[in-house]
Amino acid sequence: MSAVKGSKQYSMKVVPRRPGRTLLVMLLITALLVAGAGGGYLYGYWVGMGGKSFALGQRDTLNAQLRDSRAEAEQLRQQVANLTLSSEVDRQANNSVRNEVIELREQIASLEADISFYRGLMAPGDDAKGLKLGEVQLVARAEPGHYNYKIVVQQLATQHSVISGELNITLVGRRGGELERLGLYQVSDAVDSEDIKLRFKYFQNVEGELILPEGFTPERIELVARSTGKNAAEANKTFNWPEPNG
């Protein structure tokens, strides 16, 4: 076939049609898209779970710290309770020891006076007769103005017989600048009258507790003992208010 002069000639090639290859390419592209989407999901899930795991870990750590803090707080609370109890026990122990010391001082003072008294009782003197007033024993108690007292009246004789009589005890002091006299019966429940009854063969103790009135400052104690009967006798003695034992 002769070419037409003056026109450009094109070369043509016949390509056979392959529909199966096109389908394969489309399937491959679809698979890649699906794989990409799935990978993105899995990556997102992994990241999300990783964050959740971190949060859970932090939560568990904080819970553990909270438990430790509560346990420590309970220990501190128990320590405070123990210290408070220990302080109370120490206070009670100190009070107990203080009371024991006071009681021991009372016993010592009483024993010393008894020794002195019995020494005089055993050796009153060949010609000694009548009544003898022993020293006034005063022991301060824990309460201010409270005292234990003890006074001994003794019979001086070579041949002792039962005698009767009475004893008057007067506290002399000042209150509000004025001189004041108080019978022992006014400050001691152990005595119910001004005249304290006496009846003994060798000696008689007059003892109890006295409470000084508020504002009263004692200066001295006056004692008068009288016996009645055939060989009546009288003994007088004045003591400055003694320094109490304790």
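As shown above, the structure is provided for reference.
Criteria and thresholds
One numbering rule holds for all chains: residues counted from 1, following each sequence as written. This being a predicted model, a pLDDT of at least 70 is required before a residue's local features are given, and a value of 80 or more before pairs of side-chain atoms are given or counted; all residues contribute to the totals for chains, interfaces and linings. As a rule here, side-chain values come from all non-hydrogen atoms in the structure, and water together with hydrogens is ignored. By definition, any uninterrupted DSSP run of H or I lasting at least four residues is a helix, any uninterrupted run of E lasting at least two residues is a strand, and each is numbered from the N terminus. Residue exposure (1.4 Å probe, protein chains only): buried if accessible area is under 20% of the type maximum, exposed if over 50%, otherwise partly exposed. Two N or O atoms form a polar contact when they lie within 3.5 Å of each other; inside protein one atom must be a possible hydrogen donor and the other a possible acceptor, and for residues adjacent in sequence the pair counts only when both atoms belong to side chains. The contact criterion used is simple: two residues touch if any of their non-hydrogen atoms lie within 4.5 Å. Put simply, a salt bridge is a Lys or Arg side-chain nitrogen that is within 4 Å of an Asp or Glu carboxyl oxygen. Note: two strands are recorded as paired if DSSP finds a minimum of 2 bridges between them. Only Phe, Tyr and Trp rings take part, Trp by its six-membered ring, and two of them pair if their centres are within 6.5 Å. Stacked means planes under 30 degrees apart, edge-to-face means over 60, and tilted covers everything else.

Quick notes on the side chain of Asn168
Within the secondary structure layout, Asn168 lies in strand E4 (residues 163–175). With a relative accessible area of 11%, Asn168 lands in the buried category. A polar atom in the side chain of Asn168 sits 2.5 Å from the side chain of Asp195. In this structure Asn168 touches Glu194, Asp195, Glu222, Leu223, Val224 and Arg226, once residues within four positions along its chain are discounted.

Comments concerning the pattern of salt bridges
Taken as a whole and judged by the stated rule, the model has 9 salt bridges. Here Arg174 makes a salt bridge to Glu219, at a shortest N to O gap of 3.2 Å. Pair noted here: Arg174 is in strand E4 and Glu219 is in strand E8 (residues 216–227), with a separation of 45 residues, a long-range link. Overall, Arg174 belongs to the partly exposed group, its relative accessible area being 37%. Several salt bridges share partner residues, and in doing so they unite Arg141, Glu143 and Glu209 into one network.

Quick notes on the side chain of Thr170
Relative to the elements of secondary structure, Thr170 occurs in strand E4. We classify Thr170 as buried; its relative accessible area is 16%. Non-local contacts of Thr170, meaning those with residues more than four positions away in its chain, are made with Arg181, Leu182, Arg220, Ile221 and Glu222.

Side note on the pairing of strand E5 (residues 178–183)
Here E4 pairs with E5 via 6 bridges, running antiparallel. Note that in E5 the partner of Val172 across the bridge is Arg181. Counting the residues between successive antiparallel strands, the hairpin from E4 to E5 contains 2 residues, one of them, Gly176, with a positive phi of roughly 65°.

Details of the environment of Glu103
Turning to its location among the elements, Glu103 is positioned in helix H1 (residues 19–122). Once the C-alpha coordinates of Glu103 and Arg141 are considered, the two residues, 38 residues apart in sequence, prove to be 8.9 Å apart.

Digging into the pairing of strand E2 (residues 137–140)
A two-sided burial pattern is seen for E2, the buried positions comprising Gln137 and Val139 on one face and Leu138 and Ala140 on the other. Here E2 folds back onto strand E3 (residues 146–156) in antiparallel fashion, the turn holding 5 residues, of which Gly145 has a positive phi close to 80°.

Points about the packing of aromatic side chains
Evaluated as defined, the whole model comprises 1 aromatic pair. Their ring planes at 85° and their centres at 5.5 Å tell us that Tyr147 and Trp241 sit as a pair that is edge-to-face. Taken together, the residues span a long stretch of sequence, with Tyr147 in strand E3 and Trp241 in the segment after strand E9 (234–240) at a distance of 94 residues. Each member of the pair, Tyr147 as well as Trp241, is classed as buried.

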